[in-house]
Amino acid sequence: MVLCSLQRVLIAAAILLASVSSVSAKEIDISGIRFGENGNSTRFVLDVSEKASPSIFLLADPYRIVIDLPEADWHASDRVRTVGAVDGYRHGLFAPGIYRIVLDLKAPAVLKSSFNLPPKGNYGHRLVIDLESTSRERFVAAVAASKTSRPAIVARATPEVSSPRRSASGKRIIVLDPGHGGPDPGNLGVIGVHEKVITLKIAQAIRDELNRTGRYDVRMTRDRDIFYKVRERFRIARRHNADLFISIHADAISKPSVQGGSVYNLSETASDAEAARLAARENKADLIAGVNLDEADDDVSSILIELAQRETMNYSAQFASILVGELSRDVPMLKRGHRFANLGVLKAPDVPSVLFEAGYLTNRDNARFLNSSSGQKKIAQAVRRAIDRYFAQMVALGR
Ligand SMILES: [Zn+2]
C-alpha cells in the first residue's frame with residue numbers, strides 16, 4: 001500500500017494526538033459507585049476504568065475511612081444512597097496525583113478487605129472495599145495500625161513557589177484564596193452549587209479585575225478544584241511575600257431569610273456567637289477532607305496573637321474596614337459587616353489578612369447573586385476599589 005503524503009501527515013497527527021491525550025488523561029475513571037449491606041458488613045463498590053490499588057486508612061472522632069486513589073475523573077453520582085455503616089461520602093482532588101474519597105461512618109467500622117474484580121457480564125473493572133462493624137476500642141487500635149501499614153499514594157511534586165521577594169515589577173502582591181476545594185466542598189447552597197465552586201469563580205473575577213489595572217501582582221492559592229490545608233493556604237501567601245491575603249468563602253445558616261456578606265479579621269475572641277460558630281465551621285476544612293490532624297505540623301497552631309502580630313493586625317483591620325465600605329455600595333452586606341473570629345486561615349503573622357464571607361448560600365437571592373457573573377463582577381470591582389484605597393493610604397503613610 002502506498003500512502004500519499006497527506007495520509008502520512010494525518011497518521012502522524014493522529015499518533016501525536018493519541019500520545020498527547022494519554023499524557024494528559026487522568027489515571028482512573030470512576031463511572032459509578034454503590035453501597036451494600038450484609039449483616040455487620042458494608043460493601044462499597046466503585047466502577048473503575050482499570051485495576052486500582054487504593055491506599056486506605058481510618059480516622060477517629062468522627063469515624064471516617066479515607067480512600068486515596070491515583071488522580072481520577074469522577075463521573076459517578078454525588079447522591080448515591082448510603083447503607084450499613086456508611087453515613088455519607090465526599091470526594092475530590094486532594095493533591096496533584098491523589099484523588100481522595102472520604103466515607104463518614106455512623107458507627108465504628110474497620111476495613112475487612114479490598115480487592116479488584118475483573119470485567120464480567122454488564123460490569124467492567126470494579127474496586128470492592130468491604131467494611132466490618134466493630135467496637136470503638138478495635139476501631140481506635142485499627143486507626144493506629146492503618147497509619148503505619150498503609151502504602152502511600154504519592155502526591156506529584158508541585159513547583160515550589162519562588163523565595164520571598166518583592167514583585168520584580170515593584171507591584172503590590174495580592175494573594176487570593178478561594179475557600180475549600182477537592183474533598184472539602186464547603187457549604188451546599190439552596191441552588192445546588194457548592195461553596196468551593198462559587199469561591200473559585202469570585203476569586204477568578206477579582207483576579208481578572210485586579211489584573212486589568214496593571215498595578216498588582218495577583219496570585220491564587222488554588223485555580224482549580226483541589227484541596228489545600230488551612231495552614232498551607234497562608235503559607236503560600238508568606239512564600240509569595242504577599243502584601244495582602246484575602247480568603248474567600250460563602251456562608252450558610254438555618255434561617256433562609258438571612259443574606260449579606262461580611263469581612264472577618266483574626267481575633268482570639270469572636271465578636272458574637274455566630275462568628276464563633278462560623279470559625280468552628282471554617283476551621284474544620286482539614287477534618288472534612290480527611291487530613292490526619294495528629295500528623296499535621298503545628299508550628300503555627302501555637303502562634304498566639306503576640307506583639308509582633310499587632311502591626312499586621314492593624315493593617316488587616318484597616319483593610320477590612322475599607323473593604324466593608326466599598327462592598328456596601330453594590331453588594332448585599334450584613335448590618336455589622338466587619339467582624340472578628342478565631343479563623344485558622346488568617347494566622348499569618350506577617351501578612352495583612354482578611355476572610356471575606358461573600359454572602360449566604362442558604363438564601364436563594366443571595367446564592368443566585370454570588371453564582372452570577374454580574375454579582376461576581378460587582379464584588380470584584382468593590383474589592384479592587386478597596387485595594388486601591390488601602391494602598392493609597394499606605395503610600396500616604398510612607399509604607
Ligand atoms: Zn467556607
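Reading guide: rules and limits
- Chains are numbered independently. Their residues run from 1 in the order of the written sequence.
- Reporting of local features is limited, given that this is a predicted model, to residues whose pLDDT is at least 70; pairs of side-chain atoms are given and counted only at 80 or more, and all residues count toward the totals for whole chains, interfaces and linings.
- The basis for every side-chain value is the complete set of heavy atoms in the structure, and neither hydrogens nor water enter the calculation.
- Secondary structure elements are defined from DSSP: runs of H or I of at least 4 residues count as helices, runs of E of at least 2 residues count as strands, and each element is numbered from the N terminus.
- Any residue under 20% of the maximum accessible area for its type is buried, any over 50% is exposed, and the rest in between are partly exposed; the area is computed with a 1.4 Å probe on protein chains only.
- Contacts between residues were defined by any pair of non-hydrogen atoms, one from each residue, lying within 4.5 Å.
- Only the protein chains shown count as cover for residues, and the accessible areas themselves come from Shrake-Rupley with a 1.4 Å probe.
- If DSSP finds at least two bridges between two strands, the strands pair.
- Note on method: axes are straight lines fitted to C-alpha atoms, helices fitted across the in-contact stretch only, with angles between N-to-C directions ranging 0 to 180 degrees.
- For Na, K and Ca the donor cut-off is 3.2 Å, and for all other metals it is 2.8 Å, counting N, O and S atoms only; because water is absent from this set, sites may look incomplete.
- Oblique is the label for any angle not under 35 degrees, not over 145, and not in the 65 to 115 range, which are roughly parallel, roughly antiparallel and roughly perpendicular in turn.
- Helix crossings fall into two classes, left-handed where the near helix is turned counterclockwise from the far one by less than a right angle and right-handed where it is turned clockwise.
- Polar here means any residue outside two lists: the nonpolar Ala, Val, Leu, Ile, Met, Phe, Trp, Tyr, Cys and Pro, and the charged Asp, Glu, Lys and Arg; Gly therefore counts as polar.
- Here, the term nonpolar core denotes a set of buried Ala, Val, Leu, Ile, Met, Phe, Trp, Tyr and Cys residues that are joined through side-chain atoms within 4.5 Å.
- Scored between 0 and 100, pLDDT is the confidence that the predictor attaches to each residue.
- When the strands point away from the viewer and the path from the first strand over the helix to the second turns clockwise, the crossover is right-handed.
- Note that the arc is computed from the directions linking the helix axis to the C-beta atoms.
- A 3.5 Å cut-off defines polar contacts: any pair of N or O atoms within that distance qualifies, except that in protein one atom must be a possible hydrogen donor and the other a possible acceptor, and neighbouring residues in sequence count only when both atoms are side-chain atoms.

## Some points on the overall build of the protein
Move 1: A tally of helices and strands in the protein yields 9 helices and 15 strands.
Move 2: Within the protein, buried positions represent 50% of all 399 residues.
Move 3: Within the protein, contacts between residues at least 6 apart in sequence are counted, and of these 75% link residues at least 24 apart.
Move 4: When the accessible surface of the protein is summed, it comes to about 18800 Å², and 53% of that surface belongs to carbon and sulfur atoms.

## What about the sheet that holds strand β2 (residues 41-48)?
Note: strands within a sheet are paired through backbone hydrogen bonds, in either parallel or antiparallel orientation.
Move 1: Strand order in the open sheet formed by 5 strands is β5-β1-β2-β9-β8, and the pairing between neighbours is mixed. At either end of the open sheet lies a strand with only one pairing partner, and these are β5 (72-74) and β8 (109-117). Each strand of the sheet is rotated relative to its neighbour by a mean of 30 degrees, with strand direction disregarded.
Move 2: Judged from the 8 bridges that link them, β8 and strand β9 (residues 125-133) form a sheet pairing that is antiparallel. Looking at β9, one finds that Ser113 is bridged to Asp130.

## Points about the coordination of the zinc ion
Move 1: Donor atoms from the polypeptide that coordinate the zinc ion comprise His180 (NE2), Glu195 (OE), His249 (ND1), Glu282 (OE) and Glu282 (OE), at 2.0 to 2.4 Å from the metal.
Move 2: Linear spacing of the donor residues for the zinc ion on their chain is H-x14-E-x53-H-x32-E. Taken together, the positions of His180 in the loop between β10 (172-178) and α3 (195-213) and His249 in strand β12 (residues 244-251) put the pair 69 residues apart, joining distant regions of the chain. Summarising the burial analysis for this pair, His180 and His249 share the class buried.

## Notes on the packing of α3 against helix α9 (residues 373-396)
Move 1: The contact between α3 and α9 brings their axes to 8 Å, and the two run at 50 degrees. The pairing of α3 with α9 is recorded here as oblique in orientation. Handedness of the crossing formed by α3 with α9: right-handed. On the side of α3, the interface is formed by Lys201, Ile202, Ala205, Ile206, Glu209, Leu210, Arg212 and Thr213, while α9 contributes Gln376, Lys377, Ile379, Ala380, Gln381, Val383, Arg384 and Ile387.
Move 2: Residue composition of the contact of α3 with α9, by class: 8 nonpolar, 3 polar and 5 charged.

## Points about the nonpolar core
Move 1: Core analysis: the biggest nonpolar cluster contains 43 residues, and Ile206, Ile246, Val263, Phe319, Leu370, Ile379 and Ile387 have the highest contact counts within it.
Move 2: Elements supplying a minimum of two residues to this core: β10, α3, β11 (216-220), β12, α7 (307-330), β15 (353-360), α8 (364-371) and α9.
Move 3: Look past the residues within four positions of Leu370 in its chain and what remains in contact with it is Ile198, Ile202, Ala250, Ala358, Gly359, Tyr360, Leu361, Gln376 and Ile379.
Move 4: Counting 35 residues, the second largest nonpolar core, distinct from the first, contains Ile65, Leu69, Leu93 and Tyr99.

## Considering the confidence of the model for the protein
Move 1: Averaged over every residue, the pLDDT of the protein is 86; the share at 70 or more is 85%.
Move 2: Within the model, the stretch residues 160-165 combines pLDDT values under 50 with 12 contacts to residues more than four positions away or in other chains.
Move 3: Confidence drops under a pLDDT of 50 for residues 296-305, and excluding neighbours within four residues, the segment shows 19 contacts in the predicted structure.

## So, the packing of α8 against α9
How two helices sit against one another is set out by the angle between their axes and by the gap between those axes.
Move 1: Their axes nearest at 5 Å, the elements α8 and α9 cross at an angle of 75 degrees. Classified by the angle their axes make, α8 and α9 are roughly perpendicular. On α9, the residues touching Phe369, Leu370 and Asn371 of α8 are Ser373, Gly375, Gln376, Lys378 and Ile379.
Move 2: Here the residues of the contact of α8 with α9 are counted per class, giving 3 nonpolar, 4 polar and 1 charged.

## Examining the pairing of strand β3 (residues 55-59)
Move 1: Of all 5 residues making up β3, 5 are buried, and the element is well covered by its neighbours.
Move 2: Here β3 shows no split at all, with Ser55, Phe57 and Leu59 on one side and Ile56 and Leu58 on the other all buried.
Move 3: Looking at chain direction, β3 and strand β4 (residues 64-70) are connected through 5 bridges and run antiparallel. What sits directly across from Ile56, in β4, is Ile67.
Move 4: The turn joining β3 and β4, which pair antiparallel and follow one another in sequence, is formed by 4 residues; a positive phi near 55 degrees is taken by Asp61.

## What about the pairing of β11?
Two faces belong to every sheet, and in a regular strand the side chains alternate between them.
Move 1: Counting buried positions along β11 yields 5 of 5 residues, so the element is predominantly enclosed.
Move 2: Examined bridge by bridge, β10 and β11 share 5 bridges and lie parallel to one another. Looking across to β11, one finds that Leu176 is bridged to Met220.
Move 3: Following the chain from β10 across α3 to the adjacent parallel β11, one finds a crossover that is right-handed.

## What about helix α5 (residues 273-282)?
Move 1: Looking only at α5, the buried set comprises Glu274, Ala275, Leu278, Ala279 and Glu282. Buried residues along α5 cover an arc of 140 degrees about the axis, so they all sit on one side.
Move 2: Taken together, the buried residues of α5 touch α3, β12, β13 (261-266), α6 (285-288), β14 (333-341) and β15.
Move 3: One side-chain oxygen at the N-terminal end of α5 lies 3.0 Å from the backbone nitrogen of Glu274; it belongs to Asp272.

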